[in-house]
Amino acid sequence: VNSVRSKSVEVSHLLTLSNFDMIIFQESKLGLDDIAHWLSSPHFELVRRDRCRRGGGILIFVNKKHTLRSTLIHAEYESIVLKLKVGNQIASFIVSYCPRFGHPGYLDHLVDLLIEVDSLGPTFIIGDLNHNLLTPRGKPLTDILSTYNFRSLNSSITRPASSSLIDVIFSN
């Protein structure tokens, strides 16, 4: 998104609609002291992971028709783990942002998240992971995730300017 502040009208509009199960923004660029009235909604519960300095950040709006069972917000890496009751099953969501390819320890962090989730239900990994799945740079990420029986749900370019696929959705 590259800053939700400049898109407050669009975000407010999305929040007036209640037909989304979840709305995720990465690179929200909000700080710990940013409290905005347009971030609240009677239809959605907000989960935030702000960055203490410029850039980054994650906003997740979860439709209140689903039950948010647990939330784990990581301090060191920009990651949020949600367990959500959807219908009769529990689904896990790992929403993560890796600020650059080769970020030290990031892939180990992702493995730790998968171990923490330890879910019998469906698990989704969503985020700007900066590992281009269309080039050999994406292989370390796909190798790790295939070990845990995850597959990519998107296979086309997500960043047209760089012809890359770095915004990913994986599922088991």
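So, here is what we can say about the structure in this document. Fair warning: this is a prediction, and the values are worked out from it, not measured in the lab. (Residues numbered from 1 in each chain as written. Predicted model: local features only at pLDDT ≥ 70, side-chain atom pairs only at ≥ 80, totals over all residues. Heavy atoms only, no water.)

## Some points on the nonpolar core
Residues Ile 94, Leu 110, Ile 125, Leu 129, Leu 141, Leu 145 and Phe 170 are the most contacted members of the largest nonpolar core, which totals 18 residues. Elements that contribute at least two residues to this core include exactly helix H2 (106–117), helix H3 (139–147) and strand E9 (167–171). In terms of residue count, the dominant contributor to this core is H2 (five residues). Sequence-distant contacts of Phe 170, that is, excluding residues within four places in its chain, are made with Thr 123, Phe 124, Ile 125, Leu 133, Leu 141, Thr 142, Leu 145, Phe 150, Arg 151 and Ser 152. Of all hydrophobic cores here, the second largest spans 13 residues; its members include Val 62, Leu 68, Leu 82 and Val 95. (Core = buried A, V, L, I, M, F, W, Y, C linked by side-chain atoms within 4.5 Å. Buried < 20%, exposed > 50% of the residue type's maximum accessible area, 1.4 Å probe, protein only. Helix = DSSP H or I, 4+ residues; strand = E, 2+ residues; numbered from the N terminus. Contact = heavy atoms within 4.5 Å.)

## Digging into the sheet that holds strand E8 (residues 151–152)
Strand order across the open sheet formed by six strands is E4-E5-E6-E7-E9-E8, with mixed pairing between neighbours. The open sheet has two edge strands, strand E4 (67–73) and E8, and neither has a second partner. Contacts from H2 reach E4, strand E5 (78–86), strand E6 (89–97) and strand E7 (123–128), with the element oriented near 165° to E6. (Pairing = 2+ DSSP bridges. Axes fitted to C-alpha atoms, helices over the stretch in contact; angles between N-to-C directions.)

## So, the packing of aromatic side chains
Overall, the coordinates contain three aromatic pairs when judged by the stated rule. For the pair Phe 25 and Phe 61, a centre-to-centre distance of 6.3 Å together with 85° between the ring planes defines the contact as edge-to-face. Remark: Phe 61 occurs in strand E3 (residues 58–63) and Phe 25 occurs in strand E1 (residues 22–26); sequence separation between them is 36 residues. Considered together, Phe 25 and Phe 61 belong to a single accessibility category, that of buried residues. Considering the side-chain rings of Tyr 77 and Tyr 106, the 6.1 Å spacing of their centres and the 70° angle between planes classify their relative orientation as edge-to-face. Note that Tyr 77 is positioned in the loop between E4 and E5 and Tyr 106 in helix H2, a separation of 29 residues in sequence. For the pair Tyr 77 and Tyr 106, a shared accessibility class is recorded, and that class is buried. (Phe/Tyr/Trp six-rings, centres within 6.5 Å; stacked < 30°, edge-to-face > 60°.)

## Topic: the sheet that holds strand E2 (residues 44–49)
In spatial order, the strands read E1-E3-E2; together these three strands make up an open sheet with antiparallel pairing. Strands at the two margins of the open sheet, each flanked by one partner only, are E1 and E2. Strand-to-strand twist across the sheet, computed as the mean angle between neighbouring axes with direction ignored, equals 10°. Relative to E3, E1 is paired through five bridges, and the arrangement is antiparallel. Bridging across to E3, Ile 24 finds its partner in Ile 60.

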